[in-house]
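# Overview (structure and organization)
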Amino acid sequence: MKVSFHGHSVVKIETGGKVILIDPFINGNENCDLNANEVRADVILLTHGHNDHVGDTVSIAKRNDALVVAPNELAVYLSFKGLNTHPMHIGGSHTFDFGTVKFTQAFHGSSYVEEDNQNIVYTGMPGGILFKAEGKTVYHAGDTGLFSDLKLIGQLNDIDLAFLPIGDNFTMGPEDAVLAAEWIQAKQVVPIHYNTFPVIEQDPESFVSQLKPGVGKIMNPGDAIEL
Ligand code: NI
Ligand code: MN
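My aim in this report is to walk through the structure given alongside it, one point at a time.

Each value, and the rule that gives it
- Residues numbered from 1 in each chain as written.
- Chains lettered and ligands numbered in written order.
- Predicted model: local features only at pLDDT ≥ 70, side-chain atom pairs only at ≥ 80, totals over all residues.
- Heavy atoms only, no water.
- Donors = N, O, S within 2.8 Å, 3.2 Å for Na, K, Ca; no water.
- Helix = DSSP H or I, 4+ residues; strand = E, 2+ residues; numbered from the N terminus.
- Buried < 20%, exposed > 50% of the residue type's maximum accessible area, 1.4 Å probe, protein only.
- Tetrahedral: all angles 85-135°; square planar, octahedral: opposite > 155°, others 65-115°.
- Pairing = 2+ DSSP bridges.
- Axes fitted to C-alpha atoms, helices over the stretch in contact; angles between N-to-C directions.
- Contact = heavy atoms within 4.5 Å.

Bound to the manganese ion (ligand 2) are the protein donor atoms Asp 52 (OD), His 53 (NE2), Asp 143 (OD) and His 193 (NE2), situated 2.1 to 2.2 Å from the metal. If you list the donors of the manganese ion (ligand 2) from N- to C-terminus, the spacing comes out as D-H-x89-D-x49-H. A separation of 3.1 Å is found between the manganese ion (ligand 2) and the nickel ion (ligand 1), both of which receive a donor from Asp 143. You can see His 53 sitting in helix α1 (residues 51-54) and its partner Asp 143 sitting in the loop between β12 (136-140) and α4 (150-156), a full 90 residues away along the chain. Using a relative accessible area of 0% as the deciding quantity, one classes His 53 as buried. A relative accessible area of 2% places Asp 143 in the buried class.

Structure below.
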């Protein structure tokens with residue numbers, strides 16, 4: 001399994017010949033190295049409905065005829081846009097031909113802003129995603145504040161690689177993310193959701209230096225890890 005990071009919360013997983021994109025916010029994300037008009041995706045996984053996570057989902061999914069897996073209300077909203085969707089919800093898991101997806105809780109909000117008509121659409125509860133394939137487990141925490149059930153997620157899962165937000169303001173900041181990393185007991189932890197906007201500027205080196213030796217890893221846009 002190859003897992004790459006592409007700025008903000010964008011993660012790409014390649015497994016079994018399939019390409020899975022998580023939260024493909026490309027246009028408007030200056031830290032992203034992908035091109036929304038060219039990127040391949042068989043599947044798009046969405047943690048929640050905020051625009052900096054749904055991003056270019058509609059255009060990418062239409063061009064690739066990709067399956068979009070998202071919390072129910074968000075999946076329904078995107079099905080109204082003509083996308084092929086699979087609705088799920090927190091606590092539920094489903095095994096697809098590309099791997100197993102389980103939605104975890106995240107303490108955050110979830111809505112989609114339609115800028116043109118100043119409309120805000122409710123898109124259900126936000127989540128995190130546990131993805132399992134090839135005997136490996138990847139955890140994308142989505143946008144969340146610290147919550148103590150992260151310990152439970154760590155107890156119930158043998159997480160090989162975790163993506164945790166450190167940006168503060170909208171999500172956990174670095175101090176809380178250090179605790180989160182301890183609780184989920186992941187073998188590798190990559191900070192995300194920072195330095196995209198001035199309000200979420202953080203020093204990832206400082207974050208990584210506070211984790212157990214060898215656990216923290218800073219990924220620059222385009223960097224990949226083989227699991
Ligand atoms: Ni958000
Ligand atoms: Mn966000």
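Time to look at the coordination of the nickel ion (ligand 1). For the nickel ion (ligand 1), the full set of protein donor atoms is His 48 (NE2), His 50 (ND1), His 108 (NE2) and Asp 143 (OD), at a range of 2.2 Å. The site at the nickel ion (ligand 1) holds four donor atoms, and with the angles between them running 87 to 172 degrees, its shape is irregular. All donors to the nickel ion (ligand 1) come from one chain, and their sequence spacing reads H-x1-H-x57-H-x34-D.

Below, the discussion takes up the sheet that holds strand β7 (residues 93-96). With mixed pairing, six strands are arranged side by side in an open sheet as β7-β8-β11-β12-β13-β14. Two strands bound the open sheet, and with one partner strand each, they are β7 and β14 (188-192). Recorded for the sheet is a direction-independent mean angle of 20 degrees between the axes of neighbouring strands. When strand β11 (residues 127-133) meets β12, the two strands line up antiparallel, connected through five bridges. Among the inter-strand pairings, Ile 129 is bridged to a residue of β12, identified as His 140. With respect to the sheet, helix α5 (residues 174-184) is in contact with β12, β13 (161-165) and β14, its orientation differing from that of β13 by roughly 155 degrees.

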